[in-house]
Amino acid sequence: MNRTTLSLIAGTTALAAVTGFAALSAPDTPGTDTAAKAAAQLPVERTSLLCPAPSTSDLAETSYTSFTPVTKGTGSGGKAELRAASEESADTPADGKDDGTGKDDGKSGKDKPADPVLTPKEPGKPVTGDSSGGDAPALVGTADGRFAPGWTVQETTEVAAGTGRGLQGVNCTAPDTDFWFPGAGTDADRTDYVHLTNPDDSAAVVDIELYGKDGTLKSAVGEGITVPPHSSEPVLLSTLTDERQTDLTVHVNVRSGRVGAAVQALDDKLGGDWLAASADPSGSLVLPGIPKDATSVRLVAFTPADADADLKVRLASPSGLITPAGHETVHVKGGMTTAVDLGDVTRGEAGSLVLTPTDRSVPVVAALRVVRGKGDKQETAFIPASRPVGTRATSADNSGKDSTLSLTAPNAAATVKVTASAGSEGGTPVSKTYTIKAGTTQDIEPPVPGGLKGTYALTVEPVSGGPVYGARTLAATEGGVPAFTVQTLPDDRGTVAVPEADEDLSVLQK
């Protein structure tokens, strides 16, 4: 059958859709008019998300919220689905032939996949689902067409008692090949797992490297970990090393294939939460959204470079950038994890930590371990260094009264538009515009949909000014414990930069 050859634009878009995002550009050639070939931002056509198994506790109650913002230029087709990782394989026989019945003939060795956990009906409206107990599996999801750009899934778990009790939340992540997690630990009170989820048809091979206060922790057990196709493997950090370390940096390096990765950090006394990956190593970092009532903030930083890093530490407060007394700078030795207790650095006000080089720039990753409450009523959450909001960022699973949106503009003033979607069970979208002064952090009460029923999503879109960073905090008081979880708001990678073709090849026939 003859087909029309794809134009360069269409081919590039298809390539970008494999990962959900790409920035493609041709090298400059002397004498060319680069302005005439400026890349256009087009919606991605396909994206994937992976959700780790939420808990092993029989007391766990987990909710999932899926949301795709409405994006121009996507057309009317497409769908989004989340399935259990082990059930995500196709239901055709091993010989690749389908008898047309939709039933397994017993020759493939695979059962027919179960129904999706979540299937959104339309962009702009969240859909929710839930599970109970400690048997909920990891989930693998794909979205295409109008459901792909900005697709976001939030996994939120309440654990009533035991190790890690409290509120645990994580944004399901796209598969990748490299992750940094400063802030993990193997202390006696800690039970930390690295969850590795493989969405593909072939096995992934992963190395887990651990770095403590004195450098690399030797462990042959962490090398060459095989993650079978369509499966998830929780790896207990304490099985990779005999050393007890309060602060570790975990590096997940994928030799072959790709995985989703997240660290579940559980404490016997201080609750626990998910530790998401830090932004890529960089000379300057922003860690947004420290709760104003934080009683303890601990900075954990690491540089993979051979050189040491010297960082200026500043807090973006509601009134501007300030230097915490006694913590003007932090010295991070190359290849070693450094931790600094900042105490109640926010002193009752909204805040974000801004790290910049004092001299030469050395790439660093970082995260904050944040504690709320006192005595035996304490709860922990983590804030990794984040990418900026960029074009748009999305936060799902907001209830109205228990959500705080924190925005910071570390360099220059910025104006942002925040839109509350329709509710999962009803409600009318509403938008508000906010101005964030240069060097400040603002905790804003997010807009709430009119006639809200259920949960809703927030999208943040910069309108003008400098880069904006954001985080959303969910809170819930359980038995006197101020349970909470924080998710940063990096760009949702809903669009792809596609360069203009030198000539239209669509008229050529194959």
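Read on for an overview of the structure. Remember, predicted model here, so these are calculated numbers, not experimental data.

Parameters and conventions
- Residues numbered from 1 in each chain as written.
- Predicted model: local features only at pLDDT ≥ 70, side-chain atom pairs only at ≥ 80, totals over all residues.
- Heavy atoms only, no water.
- Pairing = 2+ DSSP bridges.
- Helix = DSSP H or I, 4+ residues; strand = E, 2+ residues; numbered from the N terminus.
- Axes fitted to C-alpha atoms, helices over the stretch in contact; angles between N-to-C directions.
- Core = buried A, V, L, I, M, F, W, Y, C linked by side-chain atoms within 4.5 Å.
- Buried < 20%, exposed > 50% of the residue type's maximum accessible area, 1.4 Å probe, protein only.
- Contact = heavy atoms within 4.5 Å.
- Disulfide = S-S within 2.5 Å.

Focus on the sheet that holds strand β8 (residues 166-171)
- Taken in spatial order, the 4 strands line up as β5-β3-β7-β8 in an open sheet, and their pairing is antiparallel. Of all strands in the sheet, those with a lone pairing partner are β5 (127-132) and β8, marking the two edges. Direction aside, neighbouring strands of the sheet carry axes that sit 15° apart on average.
- Sheet topology places strand β3 (residues 60-67) next to β5; 6 bridges connect them, and they run antiparallel. Residue pairing for β5: S63 is matched across the bridge by D130.

Quick word on the nonpolar core
- The biggest cluster of nonpolar side chains holds 30 residues, and the ones touching the most others in it are L287, L299, L353, L355 and L368.
- A total of 4 residues in this core trace back to one element, the largest contributor, which is strand β20 (residues 309-317).
- Contacts of L368, omitting those with residues within four sequence positions, involve L287, I290, V297, R298, L299, L353, A381, F382 and I383.
- Core analysis: the second largest hydrophobic core is formed by 26 residues, L196, L240, V263 and F382 among them.

Regarding the state of the cysteines
- Applying the stated rule across the entire model yields 1 disulfide.
- Between the sulfur atoms of C51 and its disulfide mate C172 the distance is 2.0 Å. The sign of the 110° torsion about the S-S bond sets the C51-C172 disulfide as right-handed. Placement of C51 in strand β2 (residues 46-51) and of C172 in the loop between β8 and β9 (178-184) is noted, with a sequence separation of 121 residues between them.

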